[in-house]
Amino acid sequence: MSAPLRVVIAKPGLDGHDRGAKVVARALRDAGVEVVYTGLHQTPRQIVDTALQEDADGIGLSILSGAHMTLFAEVIALLRQADATDITVFGGGIIPAADTGALREMGVAALFTPGTPTREVTDWVLTHVRPS
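Summarised in this report is the structure supplied together with it. (Residues numbered from 1 in each chain as written. Predicted model: local features only at pLDDT ≥ 70, side-chain atom pairs only at ≥ 80, totals over all residues. Heavy atoms only, no water.)

### Here we look at the overall build of the chain
In step 1: Of regular secondary structure, the chain possesses five helices and five strands.
In step 2: Starting at the N terminus and ending at the C terminus, the chain contains elements arranged as β-α-β-α-β-α-β-α-β-α.
In step 3: Taking 2.2 N^0.38 as the reference for a compact globule, 132 residues should give roughly 14 Å; the C-alpha atoms of the chain span a radius of gyration of 13 Å, in line with that estimate.
In step 4: Once the C-alpha set of the chain is aligned to its principal axes, its extents read approximately 40 × 35 × 25 Å.
In step 5: A burial count over the chain gives 44% of its 132 residues as buried.
In step 6: Excluding contacts between residues fewer than 6 apart, the proportion of contacts in the chain whose partners are at least 24 apart in sequence is 68%.
In step 7: A total of about 6,800 Å² of accessible surface is found on the chain, and carbon and sulfur atoms cover 51% of it.
In step 8: Taking the average place of the 11 positive charges on the side chains of the chain and the average place of its 15 negative ones, the gap between the two points comes to 6 Å. (Helix = DSSP H or I, 4+ residues; strand = E, 2+ residues; numbered from the N terminus. Rg over C-alpha atoms; globule rule 2.2 N^0.38 Å. Buried < 20%, exposed > 50% of the residue type's maximum accessible area, 1.4 Å probe, protein only. Contact = heavy atoms within 4.5 Å. Areas by Shrake-Rupley, 256 points an atom, 1.4 Å probe, with all protein chains shown as cover. Lys, Arg positive; Asp, Glu negative; His and termini not counted. Charge placed at Lys NZ, Arg CZ, Asp CG, Glu CD.)

Here it is in structure tokens:
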């Protein structure tokens, strides 16, 4: 029997709105995923360090501040530096459709915008994020 999935849910940057992140974290826990919620105002370094320390299979970023291009890029770059590209990065929040292609090209596996049913997020995580 394999270990349960472990996912870090994080709120990077100065964004102080965490209700969506908490809802997703709870839905993932209810679906049997081990969730580590980092809380507000995390730096990309803190998020990656947490993922490495917790042996996470995935990182979910919740970004409502408009800094999604910079914050996703920093997290992905830090994962590459740590030779941890096996950690799946996904996210949600206020992300313009015009930016989704560039985010996917940089390595973001999935993006969920406001109004996405939590079941869609949990189904995606259970299907696409796998323990190493």
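Read on for the rest.
### Some thoughts on helix H2 (residues 44-53)
In step 1: Every buried residue of H2 is listed here: Pro 44, Ile 47, Val 48, Thr 50 and Ala 51. On an axial view of H2, the arc spanned by its buried residues comes to 160°, and they lie on one face.
In step 2: For H2, the elements touching its buried residues are strand S1 (6-10), strand S2 (34-37), strand S3 (58-63) and helix H3 (68-81).
In step 3: Looking at the residues trailing H2, positive phi occurs at Asp 55, about 55°. (Arc of directions from axis to C-beta.)

### Re the sheet that holds S3
In step 1: As summarised here, the arrangement of the five strands in space is S2-S1-S3-S4-S5, forming an open sheet in which the pairing is parallel. The sheet terminates laterally at S2 and strand S5 (110-112), the two strands that pair on one side only. Pairs of neighbouring strands in the sheet enclose a mean axial angle of 20°, with direction left out of account.
In step 2: Judged from the four bridges that link them, S1 and S2 form a sheet pairing that is parallel. Considered in S2, the bridge of Val 8 is made with Val 36.
In step 3: On top of the sheet, helix H1 (residues 19-30) reaches S1, S2 and S3; it is set at about 160° to S2, its chief contact. (Pairing = 2+ DSSP bridges. Axes fitted to C-alpha atoms, helices over the stretch in contact; angles between N-to-C directions.)

### Overview of the packing of aromatic side chains
In step 1: The final tally for this structure, using the stated rule, is two aromatic pairs.
In step 2: Between Phe 112 and Trp 124, the aromatic rings sit 6.0 Å apart at their centres with planes inclined by 70°, giving edge-to-face as the arrangement. Of this pair, Phe 112 sits in strand S5 while Trp 124 sits in helix H5 (residues 118-128), and the two are twelve residues apart along the sequence.
In step 3: Its relative accessible area of 11% is what places Phe 112 among the buried residues.
In step 4: On the basis of relative accessible area, Trp 124 is assigned to the buried category, the value being 14%.
In step 5: Aromatic ring contacts, followed pair by pair, group Phe 90, Phe 112 and Trp 124 into a single cluster. (Phe/Tyr/Trp six-rings, centres within 6.5 Å; stacked < 30°, edge-to-face > 60°.)

### Observations concerning the side chain of Asp 15
In step 1: Following the sequence through the fold, Asp 15 ends up in the loop between S1 and H1.
In step 2: Polar side-chain contacts of Asp 15 include one of 3.0 Å to the backbone nitrogen of His 17.
In step 3: Polar contacts involving the side chain of Asp 15 include one to the main-chain amide nitrogen of Leu 64, which spans 3.0 Å.
In step 4: What Asp 15 contacts, discounting residues up to four positions off in sequence, is Leu 40, His 41, Ser 62, Ile 63, Leu 64 and Ser 65. (Polar contact = N/O pair within 3.5 Å; in protein donor to acceptor, adjacent residues only side chain to side chain.)

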